[in-house]
Structure formats: C-alpha cells, structure tokens
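Letter by letter, the chains look like this.
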Amino acid sequence: MSKLGNLGARLYRGEVGYDFIGKRKIWYGISILITITAIVGLAVRGLNFGIEFSGGAVFSTPSTSVSASTAQHQAESAAGGHQAVVQKLGSGALRIQISGLDTKQALPVQEELAKDLKIPVKDVNTQLVGPSWGEEIANKAWLGLGIFMILVVIYLAIAFEWRMALAALIALIHDLTITVGVYALVGFEVTPGTVIGLLTILGYSLYDTVVVFDSLKEASRDITKQNRFTYGEIANRSINSTLVRSINTTVVALLPVAGLLFVGGGVLGAGMLNDISLALFVGLAAGAYSSIFIATPLVADLKGREPQIKALAKKVKAKRAAAAAKEAGQEDDQEPGLATADAEDGAAVVGPRHQPASRNRGRGRPSGKRR
C-alpha cells in the first residue's frame, strides 16, 4: 500500500488526525481576509466585461504577418481609445474585439484597420454585438444562479438538515466571491464562458461538501446516547476520514484545468480557454478549501448551540474529568516500592507498600509437609 493510501486508512480509522474544528477561527480569519481582498479588487478595478455583455464589434482578418501586440495598438488607435482584445489564431488570422462600438463607428474602424494591416477592406469581416443581448445573457445567468442556490438549500435541508444547508450556502457564496474577485484582480474578460465556468465550480464545490456531510450524518447518528465524543470531535473525525479522498479528487480535477490555463491560455494564447479555465482553476481550489475549512466547522458551530449538544459536551467533559481524577488517585496510592531487609535470611524483598505480610512470609519457603 502506498504511503498516501496508508495515511488515508489511518485517517479513516481515527488513528491519526488533524484538529480542523479546534482551529476553525484560524480558517475563518483566512477566509475573511481573502474575501475582503476579493471585494476590494472588485470595487477598485471592477470586472472587465467582454463585448457579449458590454456590446461592440468583432473584426476577423485573413492570415497576416502582423503580430497581436501591433494589431492591438493599431486597433485601439483606429477606435479612438476604445480597448481592444486581439487573438492570433492558429492559421495566422486575427480576431479583434473592440468594446463600445456601434454601427456608425464600426465602418470607419474597419477601413482604418484594413489600411493599417495592408489588407483589402472586403477581407475584414465585421460582426456587431448589441449590449441588449449581453444584458439578456447576464439576467439569465443571475436567474439560473438563484434557482440553483434555492434548489441546493432545499435539497440539503431535506437530505441532511437546515444547518448543513446554511453552511453549504455560505461556502458556495465564499467560492463565488473569491473567484469573481480574482477575475477583477487579474483583469481577464468576463464572457459567457466565464459564466459556464462559475456554474461548473458550484456543482463541484457542492459535491465535495456533501461527501463530508454524509460522513458526518452517519457518524453523528444517535450521538446523544453516548458520552465519549462531542459533536465537534465527531465532525473533525468526519473531515479527516474523507480528507485524502478530497485531496485526490481536487488534484485530479486541477491538473487538466491547469493544462488549459497555463498551456492552452498562456502558451498558445487561446483567449476562450482563459475565460473558462481561470474560473475552473480558482473555483475548484476554493471549493476544496471551503468544504474542509469552512462548511463543516460552520455546522459544528451551529450544532454546538443546541441545548442537547451543549449537554452532551458537558457530560463528555465531566466523564473525562472524573477519569483523570481517578487515574491521578491511583497513581498517588501506588508509590514506588520500598526495599526491606528480611532478618532471617538477609534477602531484600521489594513490593507494593500495602502488600499483606502473610504473602511475603509464605513465598519461597516450603512447609516441609506433603499433601
């Protein structure tokens, strides 16, 4: 068995473990700090919406030797300062997106681009995208997100309980906020591909959280009928028992997404891959973090406020205090043995302090009588 597999088996059996619940205030602090950074980035820089949402024009050119950076400078100059996004396609053609252009502005820009790139005007294909279409997509995305959240809360409340549903909802909002904040800080365009990526990570984050919740539900069944473990300790054991599984699924999911982001988007310059892969990469990592460090500790905090769970914690604490006192009393009674000299044969007898004398007299001395 591999070391990781052996560790997973030991975590599952409870032989080893990390105190995630006991250090939950640290995780809350880290999440609050990251969330504040994301919100500040979103407020200061804002999101860079693509033309699908803001409206504009897309110009496609045939194969050309002009570089993407040169074409971007020429496009922004021709558009009078409007921001341009240029992609170099595999065939050598250029795809130039310029936001904020209407029909009247698009034709002069098309002519200027053809002149700068030294290609016929008729070979520059122009496609206009109105802002109303992007607004419609945004509204449908918000509607879909709202319906998804409502269904998630209803399902978790029925399958588990309302505390788990609330914790899962907070974890999902946490993942969304961080991902959107990273988009604002990095400056990547928000396109329909970004929306698809966001919806995908919500499903993945929810799956990872439900795995831990299912383990916690089974482990905490009839919890008040015992007095060995508190709810927080059982929740901590549930996290540890599924920890290796969560790590494995996250790593396996992140590897191909990292390939899309760093190889496809960074090396090959495929813009659409950037839109989807960045949302997936950040969201998958945030989802794995929130399911372990946020969702389950929140459930433990919410459950810890119930009267019966509080009473259980007091019983466990009292039992452990009594056991510790009993063990301390036994250690006080059993002091180290004293060496005493036997006057008859000079042998040293070592034993407990309160050992009966009759037992010492009878040892090693045959009575001389046969039975």
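For the structure, check the block above.
From a predicted model like this one, the values you see are computed outputs, not experimental measurements.

Asker: Explain unusual backbone geometry here, please?
Answerer: With the exception of glycine, the majority of residues adopt a negative phi angle, and the majority of peptide bonds are in the trans configuration. At Lys118, a position not held by glycine, the phi torsion is positive, near 60°. Mapped onto the secondary structure, Lys118 falls in the loop between α5 (103–117) and β5 (125–129).

Asker: Can you walk me through the pattern of salt bridges in this structure?
Answerer: Pairing is possible between side chains that carry opposite charge, provided their charged atoms lie close to one another. Here the structure, examined in full by the defined rule, presents eight salt bridges. Here Asp301 ties to Arg24 by a salt bridge, and the two come within 2.7 Å at their closest N and O atoms. Pair noted here: Asp301 is in helix α11 (residues 271–303) and Arg24 is in helix α2 (residues 24–44), with a separation of 277 residues, a long-range link. Linking Glu306 and Arg163 is a salt bridge whose minimum nitrogen-to-oxygen distance equals 2.6 Å. Placement of the pair is Glu306 in the loop between α11 and α12 (307–333) and Arg163 in helix α7 (residues 162–186), with a sequence separation of 143 residues. On the basis of relative accessibility, which here comes to 14%, the residue Arg163 falls in the buried class. Each of Glu161, Arg163, Lys303 and Glu306 takes part in salt bridges that share partners, so that together they form one network.

Asker: I'm lost on the packing of aromatic side chains in this one. Help?
Answerer: Under the definition given, this model contains six aromatic pairs. Both rings, one in Tyr18 and one in Trp27, keep their centres 6.4 Å apart while their planes meet at 45°; by these two values the pair is tilted. Take Trp27: its relative accessible area is 12%, and that puts it in the buried class. Measuring from ring centre to ring centre gives 6.2 Å for Phe160 and Phe213, while their planes differ by 70°; the resulting arrangement is edge-to-face. One end of the pair, Phe160, is in the loop between α6 (131–159) and α7; the other, Phe213, is in helix α8 (residues 192–219), and 53 residues separate them in sequence. Summarising the burial analysis for this pair, Phe160 and Phe213 share the class buried. In this structure an aromatic cluster arises from ring pairing among Tyr18, Phe20, Trp27, Tyr289 and Phe293. Directly above the aromatic system of Tyr18 lies the positively charged group of Lys23, at a separation of 5.2 Å from the ring centroid.

Asker: Any chance you could explain the environment of Ile98 here in plain terms?
Answerer: Turning to its location among the elements, Ile98 is positioned in strand β4 (residues 94–99). Look at Ile98 and you get buried, because its relative accessible area is 0%. Separated by 48 residues in sequence, Ile98 and Gly50 place their C-alpha atoms 9.0 Å apart.

Asker: When you look at helix α4 (residues 68–78) in this model, what are you seeing that I'm missing?
Answerer: The periodicity of an α-helix, 3.6 residues per turn, causes residues three or four positions apart to be oriented the same way. Among the residues of α4, Ala71, Gln74, Ala75 and Ala78 are the ones counted as buried. The arc that holds the buried residues of α4, viewed along the axis, is 100°, so those residues lie on one side. α4 presents Ser69, His73 and Ser77 as exposed residues on the side facing more than 90 degrees away from its buried surface. On its buried face, α4 sits against β3 (84–88), β4 and α5. Gly80 sits one or two positions beyond α4 and adopts a positive phi of about 70°.

What counts and how
Residues numbered from 1 in each chain as written. Predicted model: local features only at pLDDT ≥ 70, side-chain atom pairs only at ≥ 80, totals over all residues. Heavy atoms only, no water. Helix = DSSP H or I, 4+ residues; strand = E, 2+ residues; numbered from the N terminus. Salt bridge = Lys/Arg side-chain N within 4 Å of Asp/Glu carboxyl O. Buried < 20%, exposed > 50% of the residue type's maximum accessible area, 1.4 Å probe, protein only. Phe/Tyr/Trp six-rings, centres within 6.5 Å; stacked < 30°, edge-to-face > 60°. Lys NZ or Arg CZ within 6 Å of the ring centre and 35° of its normal. Arc of directions from axis to C-beta. Contact = heavy atoms within 4.5 Å.

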